[in-house]
Amino acid sequence: MKNLYAPRILGRSLRHLPFFYPHWGILSKPKRLFADTAATVFFETKLFNLVENPATAEYIIIPYDFFLIESEREYLQNVVAVSEAHGKQILIFDFSDFDKPIHVPNANIFRTSLYRSKRMPHEHPIPPIILPLPKEQRCIRSKSSIPTIGFCGWAARESALRTLRDSLHLTLTRTLDIIFHTQRTAHVRGVAIRQEALRILALDERVNTNFIVRTTYSGHADTIQLDAMQARMQYVENMRNCDFSLCVKGDGNYSNRFYEALSLSRLPLLVDTDTILPLAEEINYDEFVLTVSIQKINDLPGATAQWWNNLTPASYQEKQESAFQMFNRFLRADKYFTRLFNQL
């Protein structure tokens, strides 16, 4: 078990990273629905030791989500000074939706939101810490003649005008990408991409669709429009009753839904927005994930139908089981972060 030095900001009740829960307890953030539960479920035991003297540590770790303390210049300067004085690398974690550069010298940075084309050598993709969907809801589906694609979540605006504006912005950005060979579309807000993907899929007879479209984000108490447990049950039931779960980025370039689908043995239909998946050098995601580039979003129905038609009933069930096993072996929060800290 690694020895880490974690300097704190005194006199403030800042929320520390979830894997510090066994050391410092949990600072509840009830407006982030289900977040506290994930921390207590996955991090009951210590993943590392904390030491008081940086000289005896193997690494220095910032114990807060980076953009929570980005403006704490004196604190960051002190962290860098200690790092340089003792010749220790700094570990930084960013679970936010931001993708802007983090300029801290001598740091290894672990982020949920990364773009493949902008990734720096010291940046590493990590999965979000999500609560797996209930195991008792997991079932292996039989192959039907036409695949069902499911989605339940935020994919429209509360006003028709804003929805139209999002659609026009996405169309213009895609056109500019084609003309100038850029990747601006990958940076469009996820709600607009989801909206377009749902529209394309719903109009095509080669796939069945099971869509529940919400006009606000249901993962936060300030924006959810129905009872939290009702929303969760609706979400699980929707995913359970589909073959593919449509997975599109949110404001950050990653999808919680992607990992939730795997935890329920569902195959992600991933819209690739210059996406980096964790442990891609070890996990053969193509075995159980259908990936379609954002530049080819119009091909979503055709790509899904072709992939589906190449499956046998047995191979479809094998892929569902593989999705579940890969999540539980490598991507579930406790497994992933235990391995990460052990292999530092």
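Below: a short report on this structure. (Residues numbered from 1 in each chain as written. Predicted model: local features only at pLDDT ≥ 70, side-chain atom pairs only at ≥ 80, totals over all residues. Heavy atoms only, no water.)

## Some thoughts on the overall build of the protein
Each helix and strand counted, the protein has ten helices and eleven strands in total. If one aligns the C-alpha atoms of the protein with their principal axes, the spans along those axes are about 65 × 45 × 40 Å. The buried share of the protein, reckoned over its 344 residues, is 52%. By sequence separation, contacts in the protein at least 24 residues apart represent 69% of the contacts at least 6 residues apart. As displayed, the protein has an accessible area near 16300 Å², and 51% of this comes from carbon and sulfur atoms. (Helix = DSSP H or I, 4+ residues; strand = E, 2+ residues; numbered from the N terminus. Buried < 20%, exposed > 50% of the residue type's maximum accessible area, 1.4 Å probe, protein only. Contact = heavy atoms within 4.5 Å. Areas by Shrake-Rupley, 256 points an atom, 1.4 Å probe, with all protein chains shown as cover.)

## Let's talk about unusual backbone geometry
Phi is positive for Asn106, close to 60°, though the residue is something other than glycine. You can see Asn106 is positioned in the loop between strand 4 (90-94) and strand 5 (107-111). The phi dihedral of Ser265 is positive, around 65°, even though this residue is not glycine. Relative to the elements of secondary structure, Ser265 occurs in the loop between helix 7 (256-263) and strand 10 (267-272).

## Here's the deal with the side chain of Thr185
Residue placement: Thr185 occurs in the loop between helix 4 (160-180) and helix 5 (190-202). Excluding residues that lie within four positions of it along the chain, Thr185 makes contacts with Leu170, Thr173, Arg174, Asp177, Ile193 and Ile294.

These figures come from the coordinates and say nothing about function on their own.
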